[in-house]
Amino acid sequence: MQRSLSRALYEEMTVEDQTFTDEYAEGLEGRALECAGCTFERCTFADFRIARYDFAGCTFRGCDLSGLTMNSSRLSRVTLIDCRMSGLTITDGLLRDVSFTNCLMDYAALFASKFTRVDMTGCALRHGILGDVKAAGWSISRCDLTEAEIVRTPLNGLDLSDSELNGLLVDPADLRGATVNALQALAFARLIGLRIKD
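Rules and cut-offs
- Starting from 1, residues in each chain are numbered consecutively following that chain's sequence as written.
- At least 70 in pLDDT is required for a residue's local features to be given in this predicted model, at least 80 for side-chain atom pairs to be given and counted, and no such filter applies to totals for whole chains, interfaces and linings, which use all residues.
- Hydrogens and water are ignored here; the side-chain numbers use all heavy atoms of the structure.
- By definition, any uninterrupted DSSP run of H or I lasting at least four residues is a helix, any uninterrupted run of E lasting at least two residues is a strand, and each is numbered from the N terminus.
- Contact between two residues is taken to exist if any of their heavy atoms lie within 4.5 Å; hydrogens are not considered.
- Ring geometry is summarised as follows: Phe, Tyr and Trp rings, the Trp one being its six-membered ring, pair when their centres sit within 6.5 Å, and such pairs are stacked at plane angles under 30 degrees, edge-to-face over 60 and tilted between the two.
- Partly exposed describes any residue whose relative accessible area lies between the buried limit of under 20% and the exposed limit of over 50%, with all areas from a 1.4 Å probe on protein chains only and scaled to the type maximum.

**Some details on the environment of V133**
Mapping V133 onto the fold places it in the loop between β15 (129–131) and β16 (134–136). Placed 22 residues apart in sequence, V133 and F111 show a C-alpha to C-alpha distance of 6.2 Å. Each residue touching V133, except ones within four places of it in the same chain, is listed here: L110, S113, F115, R152, T153 and P154.

Quick look at the structure:
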């Protein structure tokens, strides 16, 4: 994987239709990494310094993307399953038809990005940040958002009722139109200063 990705960066070409299993790549640098139709199984991406990523039709299963910074990047028709993504940062990204399933995303930060049909299921986003995200047709199910922070990211249409929201920091205006369960509603009522009588 190291050699294939290094060559693609050097020659500014797209890595296409390859499968990488149990591989480790470290310290890659470049302007853009483009992959199409690739599968990554139990691979580690360490200490990358790449200006932009473009993944299309790719699958990541059991990979370690911790600490990766993805600025001005595009993910289209991408599936991430059982991946470790602690401290991942995506800024000014475009995510379309992307699914995150059972991913560890503690301390991840997703800023100023556009989501279209993005699904997060069974993910841990503890202490993560969603900021200035514009989303259409996205879903969050059975996720742990304990002490996460949501800033200027409208949650209208999202069903959060089966997710863990303890200590979630969110502007009440962003909650408008979201679905929560009764216990969550009590917690959010306190957030806006309501006093509840028995």
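**A word on the packing of aromatic side chains**
In the structure shown here, the tally under the stated rule is eight aromatic pairs. Note on F45 and F48: the rings are 5.6 Å apart at their centroids and 70° apart in plane angle, and the pair reads as edge-to-face. Aromatic pair Y53 and F55: ring centres 5.9 Å apart, planes at 20°, arrangement stacked. We note that Y53, like F55, is buried. Linked through ring pairs, F20, F40, F45, F48, Y53, F55 and F60 together constitute an aromatic cluster.

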